[in-house]
Amino acid sequence: MKILITGASGFIGSYLVEEALNAGMEVWAAVRQSSSRQYLQDSRIRFFHLDLRSDEALATSLDNHVGTHGPWDYVVHAAGATKCRSTDDFRRINTEGTLRLARLLVERGALRSRFVFISSLSIVGAVADTPAEPSAAQPKGLYGYPLITDTDTPQPNTAYGKSKWEAEQSLADIAGLDYVILRPTGVYGPRERDYFLMAKSICQHVDFAVGYRPQALTFIYVKDLVQAALLALNHGESGRAYFLTDGGAYPSRAFSDLLQRELGVRGVLHVKAPLWVLRVVSSIAGKIAALRGKTSTLNPDKYQIMKQRNWQCDISAARRELGYEPHYPLERGVREAVEWYKAAGWL
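The structure contained in this document is the topic of the report that follows.

Each helix and strand counted, the chain has 11 helices and 13 strands in total. Whereas a compact globule of 347 residues would reach a radius of gyration of roughly 20 Å, the chain reaches 20 Å, a difference of no more than 12%. Judged by the C-alpha coordinates and their principal axes, the chain covers about 60 × 50 × 40 Å. Put simply, 79% of the contacts in the chain that link residues at least 6 apart link residues at least 24 apart.

Bringing the pattern of salt bridges into the picture now. All chains considered together, the criterion is met by 25 salt bridges. The salt bridge partner of Asp 42 is Arg 44, with a shortest N-O separation of 2.8 Å. For Arg 100, the salt bridge goes to Asp 55, with nearest N and O atoms at 2.7 Å. Taken together, the positions of Arg 100 in helix H3 (residues 87–107) and Asp 55 in helix H2 (residues 55–69) put the pair 45 residues apart, joining distant regions of the chain. Salt bridges sharing common partners tie together Asp 55, Arg 100, Arg 103 and Glu 107.

Evaluation of the coordinates by the stated rule reveals 18 aromatic pairs. With 4.8 Å between their ring centres and 80° between their planes, Trp 340 and Trp 346 make a pair best called edge-to-face. Relative to Trp 346, the ring of Tyr 341 has its centre 6.0 Å away and its plane inclined at 5°; by these criteria the two rings are stacked. According to the relative accessible area criterion, Tyr 341 is buried, its value standing at 2%.

The rules behind these values
Residues numbered from 1 in each chain as written. Predicted model: local features only at pLDDT ≥ 70, side-chain atom pairs only at ≥ 80, totals over all residues. Heavy atoms only, no water. Helix = DSSP H or I, 4+ residues; strand = E, 2+ residues; numbered from the N terminus. Rg over C-alpha atoms; globule rule 2.2 N^0.38 Å. Contact = heavy atoms within 4.5 Å. Salt bridge = Lys/Arg side-chain N within 4 Å of Asp/Glu carboxyl O. Phe/Tyr/Trp six-rings, centres within 6.5 Å; stacked < 30°, edge-to-face > 60°. Buried < 20%, exposed > 50% of the residue type's maximum accessible area, 1.4 Å probe, protein only.

Here is the structure:
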């Protein structure tokens, strides 16, 4: 079986490549000319240079590939941007790039079977941020917050979430496309940089949080997400989206407390600031980065993400229809990530 994995040089994509190789697939890693191949050293990997900026360039590349190697059986689209300087950049990369790839794969006969799109829980927005009484239709989670379900109408409140949601909606308009959408919560693990910043902060004896109302967080370890993506190649209902977490829900300090324990750090100062402080800092950091032609870890999108109080969602459909079963509860995942940070010299 031949599989094309986009975003292959990135955090999630590189793990997808490794697991697809382990499954005995013929793996094509879609990369840009400038992409790092640090985690793509296996000699079995075949490379496909991906340019999603224009129909003409992509169609030519796909035609050349099909003429020489034939179509792929599967495509997992993990490429995308989580930080951009503008809303237009998010839309160009995450929405237009996704739709261009999916449409031309079908039109040029480059895909035999299924297209798996890695979207995000961020498409939903803060639809379940108010504690509610439990009911059979909407079960209650940690702190009394309702679980986000696939009956909730997405209300994305970030440019990133909006760009992913627009892509999700438009995939349904591509005739002949067999696709499944995955909506993972926050993905962490080795090679990932944003959650690693929390580990660095803990090493400096500081843990920073915002907002005084209880926050219920969810996580998914990268290897569990990869498991779900490969299951989705042959399982799940075409056109359906599946929420993904590790199956747990955690208080806001759970991740940092586990990091502290695994790192053996004592005497951490836990600082909790009001949301307005984060809003101001994020706005200033975003504007400074834009003036410098860069992106910032703290930005208005990040403010909305950190502001949200409830990230609990119902993963029963993924369990039932994909056969997904998470193997990395937070404690195990954090332990493995910290071991990797140390072995790789990040800490």
